[in-house]
Amino acid sequence: MVRKIIHIDMDAFYASVEQRDNPSYRSLPLVVGGSPTQRGVVAAASYEARRYGIHSAMSSRVAIKKCPSLIFVRPRFEVYRAVSEQIHEVFARYTDLIEPVALDEAYLDVTQNKQNIAYASTIAKLIRGAIFKETGLTASAGISMNKFLAKMASGTNKPNGMTVILPENAEAFVKALPIEKFHGIGKVTAAKMHSLLIKNGADLKQLSQQYLIQHFGKAGEYYYKIARAQDDRPVQANRIRKSIGAETSFAQDLSDRESILLELQEIARTLKQRVDKHQASGRTITLKIKFSDYKQITRSKTLLVAINDLETIELYAVQLLESVDFNSQSIRLLGLSLSNLDNDNNAIPIQLPLFELFPTPNEMS
Ligand SMILES: [Mg+2]
């Protein structure tokens with residue numbers, strides 16, 4: 001049976017929420033995250049800012065050079081999370097097979113849907129309408145027979161657009177697709193493909209699975225399939241983000257740097273033991289701090305490769321600690337965790353986009 005998959009993606013999500021909530025920001029170049037003076041990266045850019053060539057993961061310094069009047073807004077993750085819950089409520093009117101990708105992005109399997117609507121495009125239209133009515137924000141949708149095609153489709157007609165790729169048009173769509181546009185093919189892989197004279201889907205389809213595995217490892221299997229518009233990954237509801245962590249609450253709040261560092265090293269050792277017990281490794285390391293006034297913050301770093309050795313865990317733990325502005329507050333609790341585990345069966349062997357080098361917006365706070 002042919003599946004019906006919808007990929008929903010909110011348009012310039014964080015930036016649009018800020019423009020919604022502050023009318024004076026509307027129609028102006030704005031970014032969320034980063035700052036005009038400090039270092040740091042842009043988490044999201046409004047469409048007006050994008051016209052200046054500004055995009056997420058760009059350093060603030062570069063962004064302000066491109067647009068000196070750029071508005072920097074502090075992220076308000078509680079608000080983004082609340083809107084995310086609202087859109088999930090809309091999805092749930094049609095299906096329970098919802099796989100969140102980020103706060104503003106999800107795959108929906110509507111092959112069987114709660115309202116017995118025949119066409120996935122009808123459902124997508126209703127969902128986009130309800131999202132706009134209930135949140136004042138626009139979403140784009142991609143509709144097709146698998147996740148890869150639905151994802152590619154939602155990006156085709158942004159913002160506030162909708163694209164359907166019918167099964168009979170799928171192979172032609174992939175054939176014409178430039179290689180750097182493929183979801184799952186990052187900058188590095190795209191460059192390598194160009195050096196092998198693979199410029200688009202048609203070129204990719206010419207190559208044997210063996211050749212692709214030889215040049216790209218396990219990801220070659222994925223490339224072989226998507227060149228044929230095939231992607232049998234299911235939409236996984238209740239996707240659990242697995243993580244392994246360790247934390248300590250202190251009998252007496254810590255305030256001197258030396259004891260904080262010592263405790264952090266002890267927690268790193270405990271984390272290492274637990275990671276070993278699960279024979280896991282992970283790409284994201286998160287530091288959690290609860291201050292004496294019970295205010296809690298987390299800082300994360302996502303790496304290109306999974307780590308599990310004590311030295312590296314400690315190195316990044318200390319780096320994260322050093323990125324925190326304490327304002328001479330003392331600490332009640334310290335924690336460390338590792339996520340994006342490589343035993344996570346959701347992981348697909350894909351080239352990671354460059355911004356994975358930086359803390360992802362939904363992990364900052
Ligand atoms: Mg989005």
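Shown above is the structure to which this text applies.
Residues numbered from 1 in each chain as written. Predicted model: local features only at pLDDT ≥ 70, side-chain atom pairs only at ≥ 80, totals over all residues. Heavy atoms only, no water.

Novice: Is there a simple way to explain unusual backbone geometry in this structure?
Specialist: A negative phi angle characterises most non-glycine residues, just as the trans form characterises most peptide bonds. Residue Pro159 follows Lys158 across a cis peptide bond; omega there is -10°. Residue placement: Pro159 occurs in the loop between α6 (147–154) and β8 (162–164). Its identity is not glycine, yet Asn116 carries a phi of approximately 50°, on the positive side. The residue Asn116 is located in the loop between β6 (105–109) and α5 (120–135) in this model. (Helix = DSSP H or I, 4+ residues; strand = E, 2+ residues; numbered from the N terminus.)

Novice: In this structure, what is going on with the environment of Pro159? I would like to understand it.
Specialist: Here Pro159 falls in the partly exposed class, since its relative accessible area comes to 40%. Not counting the four nearest positions on each side in its chain, Pro159 is found in contact with Asp11, Tyr47 and Ser140. (Buried < 20%, exposed > 50% of the residue type's maximum accessible area, 1.4 Å probe, protein only. Contact = heavy atoms within 4.5 Å.)

Novice: Is there a simple way to explain α5 in this structure?
Specialist: Turn by turn, an α-helix covers 3.6 residues, leaving residues three or four places apart pointing in a common direction. Here α5 spans 22 Å end to end across 16 residues, near enough to the 22 Å set by a 1.5 Å rise per residue. Within α5, the full set of buried residues consists of Ala120, Ile123, Ala124, Ile127, Arg128, Ala130, Ile131 and Thr135. Along α5, the residues classed as buried sweep out an arc of 165° about the axis, all on the same side. With respect to the buried face of α5, the exposed residues turned more than 90 degrees away are Lys125 and Lys133. Structurally, α5 contributes buried residues whose contacts are with β1 (5–10), α1 (13–21), α4 (77–91), β6, β7 (139–144) and β8. (Expected span 1.5 Å × (residues − 1). Arc of directions from axis to C-beta.)

Novice: For this particular structure, what's the right way to read the pairing of β6?
Specialist: It is a general feature of regular strands that their side chains alternate between the two faces of the sheet. Most of β6 is tucked away, with five of its five residues classed as buried. Of the two faces of β6, the one lined by Glu105, Tyr107 and Asp109 and the one lined by Ala106 and Leu108 are each fully buried. Where β1 and β6 come together, five bridges link them in antiparallel fashion. Paired with Ile8 across the bridge in β6 is Ala106. With four bridges connecting them, strand β5 (residues 98–102) and β6 associate as antiparallel partners. (Pairing = 2+ DSSP bridges.)

Novice: What am I meant to see in the coordination of the magnesium ion here?
Specialist: For a metal bound by four donors in tetrahedral geometry, the ideal donor-metal-donor angle is 109.5 degrees, whereas six donors in octahedral geometry ideally sit at 90 or 180 degrees. Distances from the magnesium ion to its protein donors, namely Asp9 (OD), Met10 (O) and Asp104 (OD), fall within the range 2.1 to 2.4 Å. Within one chain, the residues donating to the magnesium ion are spaced in sequence as D-M-x93-D. Placement of Met10 in strand β1 and of Asp104 in the loop between β5 and β6 is noted, with a sequence separation of 94 residues between them. Both residues of the pair, Met10 and Asp104, count as buried. (Donors = N, O, S within 2.8 Å, 3.2 Å for Na, K, Ca; no water.)

Novice: Can you walk me through the pairing of strand β10 (residues 282–291) in this structure?
Specialist: Summarising burial for β10: eight of the 10 residues are buried, a large majority. Connecting the antiparallel pair β10 and strand β11 (residues 296–307) is a turn made up of four residues, with Tyr294 showing a positive phi of about 70°. As defined by bridge partners, β10 adjoins strand β12 (residues 331–341) across nine bridges and the pair is classed as antiparallel. Within β12, the position partnered with Thr284 by the bridge is Ser339.

Novice: Looking at this structure, how should I read the packing of aromatic side chains?
Specialist: The description of an aromatic ring pair rests on the distance of the ring centres and on the angle between the ring planes. Evaluated as defined, the whole model comprises nine aromatic pairs. Relative to Tyr80, the ring of Tyr14 has its centre 4.4 Å away and its plane inclined at 15°; by these criteria the two rings are stacked. With Tyr14 in helix α1 and Tyr80 in helix α4, the pair connects residues that are 66 residues apart, well separated along the chain. The residues Tyr14 and Tyr80 share a single accessibility class, namely buried. Ring geometry for Phe291 versus Phe326: centroids 6.1 Å apart, planes at 85°, classification edge-to-face. In this pair, Phe291 sits in strand β10 while Phe326 sits in the loop between α13 (310–322) and β12, placing the two residues 35 residues apart along the sequence. Classification of Phe291 as buried rests on a relative accessible area of 2%. Through a chain of ring-to-ring contacts, three or more aromatic side chains come together here, namely Phe13, Tyr14, Phe77 and Tyr80. The aromatic ring of Phe216 is capped on one face by Lys192, whose charged end is 4.8 Å from the ring centroid. Arg228 extends its terminal NZ or CZ atom over the ring of Tyr224, reaching a point 3.8 Å from the ring centre. (Phe/Tyr/Trp six-rings, centres within 6.5 Å; stacked < 30°, edge-to-face > 60°. Lys NZ or Arg CZ within 6 Å of the ring centre and 35° of its normal.)

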